[in-house]
Amino acid sequence: MKIVIADPNLFAHRPAFERGLAPGAVISWHRSWDDPGVLPALEDADVFVGPRPTKAMGAAANRLRLIHTAGAGFDGIESEALRPGAVCANTFHHEGSVAEYVASVLVALRRDFIVQDAALRDGNWHSGVYCRGLRQPKTLRGAVVTFLGFGHIGAASWKLLQSFGAEGVAITRSGSVDAKAHGLRWAGSNEHLPKALTESDVLVISTPLTPETTGIIGAAQLEALGPEGLVVNVARGPVVQEEALYAALERHGIAGAAIDVWYRYPAADGRGKPSTLPFESLDNVVMTPHSSAVTEETFRGRSQEIIENINRLAAGRPVRNVVMAGSIRPAVDPAP
């Protein structure tokens, strides 16, 4: 069996792959899905592991049986890349890392650590102890957090924030979350989002990007959250309307935001602004490069599950976590 791996996140786990695959497996390693060597390698490959298989790659792969992403998101996969009988599978293991990110940035924003850090670098002690009139910042205890999306990421984030003494509301497309079982205030469907925002201090976004959720957070929703509200987006950038978010932050219509997912992504050299708008000029935003899930823990778990799925394929057993076969594309939690 030949496996083509074209995801740079997996190179750190190369020894685990080479130890874990069944005897006879041959691995072709590539630093990127668009590496010139990928197409020739796919001609006799059984498995492709990478983020963006294309129609051209599918045409080159004469015997490809499995496309495996090294994450939950599969929005970059062209369905034409799947040959008849082939399947696409995904993997998670990112929820713990993303939950840690959510908790970290919320503590930093809620406690004014971002502003304090910048001020002290300029010699200003931004604290009510030294500057009269400054309010005392709030902890997360008693804060009401609305989760837009309550899959792997939302549930793990809530479990962590619950330990801080926060209260939670879950909003999902189906509205089927059992609030009592999760210790939430209440749960509802997307139509209940306005009610949730008016009673919330924080909005954590981890819903999949679909036609229904594209732009679901705009000026009206941010206004409902209010001037002390915080937004954390670990889903996909376009779930939140770009101009509305920038305007709300610039005029302090909301208190702040942590943005890990963006509207523009870098070139191959890893450089490029994440938006046409100058988010970097704002003092109330934490900007991270889609890195909330990128930890050793995440990719160790993902590597192990990919290895297990490839070995299942080699043994003629069903592959787990199939998300696409033909034109079937179930919704899952987003992640890099």
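Notes on the structure in this doc start here. Within any chain, residue numbers begin from 1 and follow the written order of that chain's sequence. Totals for whole chains, interfaces and linings use every residue, but because this is a predicted model, local features are given only for residues with pLDDT of at least 70 and side-chain atom pairs only at 80 or more, for both listing and counting. As a convention, hydrogens and water are excluded, and side-chain values are obtained from all of the structure's heavy atoms.

## Digging into the overall build of the protein chain
Part 1 of the reasoning: Per the secondary structure count, the protein chain includes 11 helices and 13 strands.
Part 2 of the reasoning: On C-alpha atoms alone, the protein chain measures out to a radius of gyration of 22 Å, which is about the 20 Å that the 2.2 N^0.38 rule sets for 336 residues.
Part 3 of the reasoning: When its C-alpha atoms are laid out on the principal axes, the protein chain stretches across 70 × 45 × 35 Å.
Part 4 of the reasoning: A 1.4 Å probe rolled over the protein chains alone gives each residue an accessible area, and that area as a share of the maximum for its type sets the label: buried under 20%, exposed over 50%, partly exposed in between. Residues classed as buried in the protein chain amount to 49% of the 336 residues present. Elements are defined by DSSP. Helices are runs of H or I of four residues or more, strands are runs of E of two residues or more, and each kind is numbered from the N terminus. Radius of gyration means the value over C-alpha atoms here, while the globule rule gives 2.2 Å times the residue count to the 0.38 power.

## Some words on the pattern of salt bridges
Side chains that differ in charge, positive against negative, can pair when their charged atoms come close.
Part 1 of the reasoning: Within this document, salt bridges are pairs made up of a side-chain nitrogen of Lys or Arg and a carboxyl oxygen of Asp or Glu, the two lying within 4 Å of each other. In total, this model carries 12 salt bridges according to the counting rule given.
Part 2 of the reasoning: Measuring nitrogen to oxygen at the nearest pair gives 2.8 Å for the salt bridge that ties Asp-44 to Lys-2. Separated by 42 residues along the polypeptide, Asp-44 in the loop between α2 (38-42) and β3 (47-49) and Lys-2 in strand β1 (residues 2-5) bring together distant segments of the chain.
Part 3 of the reasoning: Overall, Lys-2 belongs to the buried group, its relative accessible area being 16%.

## Here's the deal with the packing of aromatic side chains
Part 1 of the reasoning: Pairing of aromatic rings covers Phe, Tyr and Trp, the last counted by its six-membered ring, and requires centre-to-centre distances within 6.5 Å; plane angles under 30 degrees mean stacked, over 60 mean edge-to-face, and any other angle means tilted. Under the definition given, this model contains seven aromatic pairs.
Part 2 of the reasoning: Ring geometry for Phe-147 against Trp-158: centres 6.0 Å apart, planes inclined by 65°, an arrangement best described as edge-to-face. Separated by 11 residues along the polypeptide, Phe-147 in strand β6 (residues 144-148) and Trp-158 in helix α6 (residues 152-162) bring together distant segments of the chain. For the pair shown, Phe-147 and Trp-158 are each scored as buried.
Part 3 of the reasoning: Ring plane angle 80° and centroid distance 5.4 Å describe the contact between Tyr-246 and Phe-279, whose orientation is recorded as edge-to-face. Note that Tyr-246 is positioned in helix α10 (residues 242-250) and Phe-279 in the loop between β11 (256-259) and β12 (285-287), a separation of 33 residues in sequence. Each member of the pair, Tyr-246 as well as Phe-279, carries the same accessibility label: buried.
Part 4 of the reasoning: The rings of Phe-11, Phe-17 and Trp-29 are connected pair by pair, giving a single aromatic cluster.
Part 5 of the reasoning: Of note, Arg-31 hangs over the ring of Phe-11, and the distance from its end group to the ring centre comes to 3.8 Å.
Part 6 of the reasoning: Between the NZ or CZ atom of Arg-302 and the centre of the ring of Phe-299, over which it lies, the distance is 5.0 Å. For a ring to carry a charge above it, either NZ of a lysine or CZ of an arginine must fall within 6 Å of the ring centroid while also lying within 35 degrees of the normal to the ring plane.

## Points about the sheet that holds strand β7 (residues 167-172)
Part 1 of the reasoning: For two strands to be treated as a pair, DSSP must find at least two bridges joining them. A sheet is described by the order of its strands in space; here seven strands give the open sequence β8-β7-β6-β9-β10-β11-β12, paired in parallel fashion. Across the chains shown, the open sheet's two edge strands, defined by having one partner strand only, are β8 (186-189) and β12. Within this sheet the neighbouring strands show an average axis-to-axis angle of 15°, counted without direction.
Part 2 of the reasoning: Note: β6 against β7, five bridges, orientation parallel. Residue pairing for β7: Leu-148 is matched across the bridge by Ile-171.
Part 3 of the reasoning: Pairs of residues are marked as contacts when any of their non-hydrogen atoms sit within 4.5 Å. Angles shown run from 0 to 180 degrees and are taken between the N-to-C directions of axes, each axis being a line fitted to C-alpha atoms and, for helices, limited to the stretch in contact. With respect to the sheet, α6 is in contact with β6 and β7, its orientation differing from that of β6 by roughly 170°.

## What about the pairing of β11?
Part 1 of the reasoning: Neither face of β11 is open: one carries Gly-256 and Ala-258, the other Ala-257 and Ile-259, and all of them are buried.
Part 2 of the reasoning: By the bridge criterion, four bridges tie strand β10 (residues 230-233) to β11 in an arrangement that is parallel. The residue bridging Leu-230 from the neighbouring strand is Gly-256, located in β11.
Part 3 of the reasoning: Chirality of the crossover, the property in question, places the unit of β10, α10 and β11 among those that are right-handed. Handedness of a crossover is defined as follows: orient the strands so they point away from the viewer, and if the path from the first strand over the helix to the second runs clockwise, the crossover is right-handed.

## Topic: the pairing of β7
Part 1 of the reasoning: Of all six residues in β7, five are buried; the element is thus mostly enclosed.
Part 2 of the reasoning: This β-α-β element, β6 to α6 to β7, shows right-handed connectivity.
Part 3 of the reasoning: Summarising the sheet, β7 and β8 pair through four bridges and their orientation is parallel. Each residue of the ladder has a partner; that of Val-169, found in β8, is Trp-186.

## Quick notes on the side chain of Arg-110
Part 1 of the reasoning: Within the secondary structure, Arg-110 sits in helix α4 (residues 95-110).
Part 2 of the reasoning: We treat Lys and Arg as the positive residues and Asp and Glu as the negative residues; His and chain ends play no part in the count. Notably, Arg-110 is buried but unbridged: the nearest opposite-charge side chain belongs to Asp-201, and the N-O separation is 4.4 Å.
Part 3 of the reasoning: If near-sequence neighbours (up to four positions away) are discounted, Arg-110 is found in contact with Pro-137, Lys-138, Thr-139, Leu-140, Ala-143, Asp-201 and Leu-230.

## Quick look at the nonpolar core
Nonpolar side chains tend to gather and get buried jointly when the protein is soluble and globular.
Part 1 of the reasoning: Counting 31 residues, the largest nonpolar core has Ile-205, Ile-217 and Leu-245 as the members making the most contacts within it.
Part 2 of the reasoning: Looking at this core, the elements with two or more residues in it are β6, β7, α8 (193-198), β9 (202-205), α9 (219-225), α10 and β11.
Part 3 of the reasoning: Here the element with the most residues in this core is α10; it accounts for five residues.
Part 4 of the reasoning: We define a nonpolar core as any set of buried Ala, Val, Leu, Ile, Met, Phe, Trp, Tyr and Cys residues linked to one another through side-chain atoms lying within 4.5 Å. If you look at the next biggest cluster of nonpolar residues, it comprises 28 residues, including Val-105, Val-204, Leu-230 and Ala-258.

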